[in-house]
Amino acid sequence: MVCAPQTDRVSPSTTSATAPAPLTDRPSATGMPLRDTALAVLVALIWGVNFVVIHAGLQVVPPLLFVALRFVLVCLPAVFFVPPPRAGWRVVVLIGMFMSLGQFALMYVAMHLGMPTGLTPLVIQVQVLFTVLLAAVALHERPRRSQIAGVLIGLAGLAVVAAGRASSAPVVPLLLVVAAAGSWAIGNVVARTAQASSGLSLVVWSGLVVPVPMAVLSYLIEGPAAIGAALTHLTPVVIASALFTAWLSSLLGYGIWNTLLSRHPAGSVVPFAMLVPVAGMASAFLVLGERSKPLEMLGGVVLLVGVGISLLPGNRPIRT
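Residues numbered from 1 in each chain as written. Predicted model: local features only at pLDDT ≥ 70, side-chain atom pairs only at ≥ 80, totals over all residues. Heavy atoms only, no water.

Side note on helix 10 (residues 211-231)
Stage number 1. In a regular helix each residue adds 1.5 Å, so 21 residues correspond to 30 Å; helix 10 covers only 15 Å between its end C-alpha atoms and thus falls short of that length.
Stage number 2. Bending of helix 10 peaks at approximately 105 degrees at the position of G223, with proline P224 no more than four residues after it.
Stage number 3. The inward-facing, buried residues of helix 10 abut helix 3 (63-75) and helix 4 (89-112). (Helix = DSSP H or I, 4+ residues; strand = E, 2+ residues; numbered from the N terminus. Expected span 1.5 Å × (residues − 1). Bend = angle between axes of the 7 residues up to and from the residue. Contact = heavy atoms within 4.5 Å.)

A few points about the environment of M111
Stage number 1. Take M111: it is sitting in helix 4.
Stage number 2. As a C-alpha pair, M111 and P173 span 62 residues in sequence and 7.0 Å in three-dimensional space.
Stage number 3. When neighbours within four sequence positions are excluded, M111 is seen to be in contact with F51, I54, H55, L58, T117 and T120.

Observations regarding a nonpolar patch on the surface
Stage number 1. A contiguous nonpolar surface patch, about 620 Å² in accessible area, is contributed by V212, V216, L217, Y219, L220 and I221.
Stage number 2. Exposure remark for V216: the relative accessible area of 43% places this residue in the partly exposed category. (Patch = residues over 30% accessible without salt bridge, like charges linked within 9 Å, V, L, I, M, F, W, Y side chains within 5 Å. Areas by Shrake-Rupley, 256 points an atom, 1.4 Å probe, with all protein chains shown as cover. Salt bridge = Lys/Arg side-chain N within 4 Å of Asp/Glu carboxyl O. Buried < 20%, exposed > 50% of the residue type's maximum accessible area, 1.4 Å probe, protein only.)

Let's talk about the packing of aromatic side chains
Stage number 1. Applying the stated criterion across every chain, the model contains six aromatic pairs.
Stage number 2. Centre to centre, the rings of F71 and F104 are 5.7 Å apart; their planes meet at 55 degrees, and the pair counts as tilted. Placement of the pair is F71 in helix 3 and F104 in helix 4, with a sequence separation of 33 residues. By the burial criterion, F71 is buried, and F104 matches it. (Phe/Tyr/Trp six-rings, centres within 6.5 Å; stacked < 30°, edge-to-face > 60°.)

Some points on unusual backbone geometry
Stage number 1. Between L76 and the following residue, P77, the backbone shows a cis peptide bond with an omega angle of 5 degrees.
Stage number 2. Tracing the backbone shows P77 in the loop between helix 3 and helix 4.
Stage number 3. Phi is positive for H140, close to 55 degrees, though the residue is something other than glycine.
Stage number 4. Within the secondary structure, H140 sits in the loop between helix 6 (127-138) and helix 7 (145-166).
Stage number 5. Of the residues examined, H140 reaches a relative accessible area of 66% and is grouped as exposed.

A few points about the environment of I148
Stage number 1. The residue I148 is located in helix 7 in this model.
Stage number 2. By relative accessible area, which is 35% here, I148 ends up partly exposed.
Stage number 3. Linking I148 and S310, residues 162 residues apart in sequence, is a C-alpha distance of 7.2 Å.

A word on the packing of helix 4 against helix 9 (residues 199-206)
Stage number 1. For the pair helix 4 and helix 9, interaxial distance at closest approach is 9 Å and the crossing angle is 80 degrees. In terms of their interaxial angle, helix 4 and helix 9 are classed as roughly perpendicular. Contacts between helix 4 and helix 9 pair W89, V92, I95, G96 and S100 from the former with L202, W205 and S206 from the latter.
Stage number 2. Partitioning the contact of helix 4 with helix 9 into residue classes produces five nonpolar, three polar and no charged. (Axes fitted to C-alpha atoms, helices over the stretch in contact; angles between N-to-C directions. Parallel < 35°, antiparallel > 145°, perpendicular 65-115°, else oblique. Nonpolar A, V, L, I, M, F, W, Y, C, P; charged D, E, K, R; others polar.)

Overview of the environment of V305
Stage number 1. Position of V305 among the secondary structure elements: in helix 14 (residues 294-310).
Stage number 2. According to the relative accessible area criterion, V305 is partly exposed, its value standing at 41%.
Stage number 3. Each C-alpha atom, one on V305 and one on G150, is 7.4 Å from the other, the two residues being 155 residues apart in sequence.

Details of the pattern of salt bridges
Stage number 1. Applying the stated rule across the entire model yields three salt bridges.
Stage number 2. The partner of R35 in a salt bridge is D36, and the shortest N-O contact between them spans 3.7 Å.
Stage number 3. R35 sits in the partly exposed class, given a relative accessible area of 38%.
Stage number 4. In this structure, R263 engages D36 in a salt bridge whose closest nitrogen and oxygen atoms are separated by 2.9 Å. One end of the pair, R263, is in helix 11 (residues 236-263); the other, D36, is in helix 2 (residues 34-58), with 227 residues separating them in the sequence.
Stage number 5. What makes R263 partly exposed here is its relative accessible area of 47%.
Stage number 6. When its relative accessible area of 2% is taken as the criterion, D36 is described as buried.
Stage number 7. Shared partners join several salt bridges into a network, and the residues in it are R35, D36 and R263.

Structure (structure tokens):
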């Protein structure tokens, strides 16, 4: 190895190169700069609070109509400024059907039928486990041992949550959230095949699939009277709720999230999603005074442990 000759004199360029990095650019315990770590936490907080915001909107607007309004705001005017994703239109449509239309229609209906606002972001995390299973079947991705263990633990936690709900409340809303997680997982697997360079473009352009079918279903199921009553009583709270879910949760949240995923390994970014149910349950308690039952909380903790284990790096895939 050849070393440069030492000198007592330090040039300006050397001083600049060895100057300490700004605090926000220094790596945190996550391996990401503090600025990016703060952004990941911000997204988790936005996504957690989003469930309380959805609850506020659902007090006035029927769930299917609310989903249609959300995605009108997601797509317009963004579709005129965001270029189309570099993926086949069939893939974009499938992502819109499962990741957007299916997930949010089922989740909004579940919350409308009484699924607790704080419990919803916790149960929806089962999508991580479903994604592992679907990727193994559809994409032939061999799951790691940690993923297998995480899936089993997470599903056991989900069963405990279901037992807690069934003992005191209808279980249908819970099943709808699980179905929403399954729809999201299918969208995740389809998105893996898209290999789009911009996650934001996928959000905007796949969102075009949502408004018309949701509006039609709203007309057929919720009825013109309910639609008319909602549209003529759009209070500032409802408008703010729709704008928050579309612009902050969907566009800003996913824009930042996908940017972080492009800069850092998924293993450094994805675990921050574990903060979403924590923020969701905390905001539901503070704003709505909502408390989960002990058995539901126990099952939720087990579910999150399973999700966390499935996200652990390392471990060799199971041989087949």
